[in-house]
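# Overview (structure and organization)
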Amino acid sequence: MEASMPKRKEPGKSLRIKVISMGNAEVGKVRNEFYKDTQGVILVYDVSQKDSFEALDGWLAEMKQELGPHGSMENIIFTVCANKIDCSKHRCIDESEGRLWAESRGFLYFETSAQTGEGINEMFQMFYSAIVDFCENGGKRPLTNISISFTKEQADNIRRIRNSKDSWDMLGVKPGATRDEINKAYRKLAVLLHPDKCLAPGSEDAFKAVVNARTALLKNVK
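Read on for a plain summary of the structure. Everything numeric in this text was worked out from a predicted model, so none of it was measured. (Residues numbered from 1 in each chain as written. Predicted model: local features only at pLDDT ≥ 70, side-chain atom pairs only at ≥ 80, totals over all residues. Heavy atoms only, no water.)

### Digging into the overall build of the protein
Looking only at helices and strands, the protein has 9 helices and 7 strands in total. Considering only intrachain contacts with a sequence separation of at least 6, the fraction spanning at least 24 residues in the protein is 66%. For the protein, the exposed surface amounts to about 13,600 Å²; the carbon and sulfur share of it is 50%. (Helix = DSSP H or I, 4+ residues; strand = E, 2+ residues; numbered from the N terminus. Contact = heavy atoms within 4.5 Å. Areas by Shrake-Rupley, 256 points an atom, 1.4 Å probe, with all protein chains shown as cover.)

### Overview of the layout of surface pockets
Empty space among the atoms becomes apparent when a probe as large as a water molecule is rolled across them. For the largest pocket, the calculated volume is near 1,200 Å³. The wall of the largest pocket is formed by 41 residues, among which Val-19, Ile-20, Gly-40, Val-41 and Ile-42 lie closest to the centre. Those elements that provide at least two residues to the lining of the largest pocket are β3 (13-15), β4 (18-20), β5 (40-46), α3 (56-67), β6 (77-83) and α5 (120-136). Here the lining of the largest pocket takes 8 residues from α5, the largest share from any one element. Its residues assigned to classes, the lining of the largest pocket comprises 28 nonpolar, 8 polar and 5 charged. (1 Å grid on protein atoms, 1.4 Å probe; cavity = no way out; pocket = protein on both sides within 12 Å on 5 of 7 lines; lining within 4 Å. Points joined across faces, edges and corners; volume = space filled by probe spheres on them. Nonpolar A, V, L, I, M, F, W, Y, C, P; charged D, E, K, R; others polar.)

### Some points on helix α8 (residues 179-193)
With 15 residues, α8 extends 21 Å from end C-alpha to end C-alpha; this agrees with the ideal 21 Å at 1.5 Å per step. Looking at the buried side of α8, the elements it contacts are α6 (152-162), α7 (167-171) and α9 (203-218). (Expected span 1.5 Å × (residues − 1).)

### Remarks on the packing of aromatic side chains
Within this structure, the stated rule accounts for 6 aromatic pairs. When the ring of Tyr-45 is compared with that of Phe-53, the centres are 5.0 Å apart and the planes differ by 65°; the resulting orientation is edge-to-face. Geometrically, the ring pair formed by Trp-101 and Phe-107 is edge-to-face, given 6.0 Å between the ring centres and 65° between the ring planes. Its relative accessible area of 5% is what places Trp-101 among the buried residues. Through successive ring pairs, a cluster of aromatic residues spans Tyr-45, Phe-53, Phe-78, Trp-101 and Phe-107. In this structure, Arg-214 is placed above the aromatic ring of Tyr-186, and the distance from its NZ or CZ to the ring centre is 4.8 Å. (Phe/Tyr/Trp six-rings, centres within 6.5 Å; stacked < 30°, edge-to-face > 60°. Buried < 20%, exposed > 50% of the residue type's maximum accessible area, 1.4 Å probe, protein only. Lys NZ or Arg CZ within 6 Å of the ring centre and 35° of its normal.)

### Topic: the sheet that holds β6
Each strand in a sheet pairs with another by means of backbone hydrogen bonds, the pair being arranged parallel or else antiparallel. The strand order across the open sheet built from 3 strands is β5-β6-β7, with neighbouring strands paired in parallel fashion. Looking along the sheet, the strands with just one partner apiece sit at the ends: β5 and β7 (108-111). In this sheet, adjacent strand axes meet at a mean angle of 20° when their direction is disregarded. Relative to β7, β6 runs parallel, the two sharing 4 bridges. Its bridge partner lying in β7, Val-80 is registered against Tyr-109. Against the sheet, α3 touches β5 and β6, its axis set at about 155° to β5. Sheet contacts for α5: β5, β6 and β7; angle to β6, the most-contacted strand, approximately 170°. (Pairing = 2+ DSSP bridges. Axes fitted to C-alpha atoms, helices over the stretch in contact; angles between N-to-C directions.)

### Some words on unusual backbone geometry
Even without glycine at this site, Lys-84 takes up a positive phi of about 70°. Tracing the sequence through the fold places Lys-84 in the loop between β6 and α4 (95-103).

### Regarding the pattern of salt bridges
Following the criterion strictly, the structure yields 11 salt bridges and no others. Glu-204 is paired through a salt bridge with Lys-208; the nearest N and O atoms lie 3.5 Å apart. Of this pair, Glu-204 and Lys-208 both sit in helix α9, 4 residues apart, which is roughly one turn of the helix. Overall, the relative accessible area of 44% leaves Glu-204 in the partly exposed class. We classify Lys-208 as partly exposed; its relative accessible area is 46%. The network of salt bridges with shared partners includes Asp-94, Glu-97 and Arg-162. (Salt bridge = Lys/Arg side-chain N within 4 Å of Asp/Glu carboxyl O.)

Everything listed is a geometric property; what it means functionally is a separate question.
And the structure:
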């Protein structure tokens, strides 16, 4: 689907946005032709479908491949939409997980509902404004759009803890580890992920999980 959007009013400016739905079946076979000269990308996933969320990495990989060695994704405005938040009973990707994925890459993030309209206007307004800033900055993404308040190490550990299969895995120690090894691993993670020092989405839950994992393991260690 291709749509020429009505002009969007900005102070002293008039924008005409062309939107192309890359996931549309009709575009699928030829969508590689649309990546060149892209200024903005909206990545949408269904919060009730894990596969939809996990497919985001594939979309980025495809785009990087199609842009080729001379293309740059650094100068494209990316916005991530966690859609269908109105289906709260079926939600399986919580806000902290989606926000972590987006913000760790310097992308904008919004919680939206196409059904109720929640977050849609705010998302598009921010998206359009970011593209205007992009154009006025000579085709380079302004530094103000990249606001990462946590490190890659913190983000990676939160993801690892979220996907851990048990308490041993959560602390990163082997089953049968000694009390000292458990405490050492715990202290390292506690310092890294303490909510007072780590602003990454999901850090509070990850910190609590680490505390609980240590407590559970020490009960069975002499």
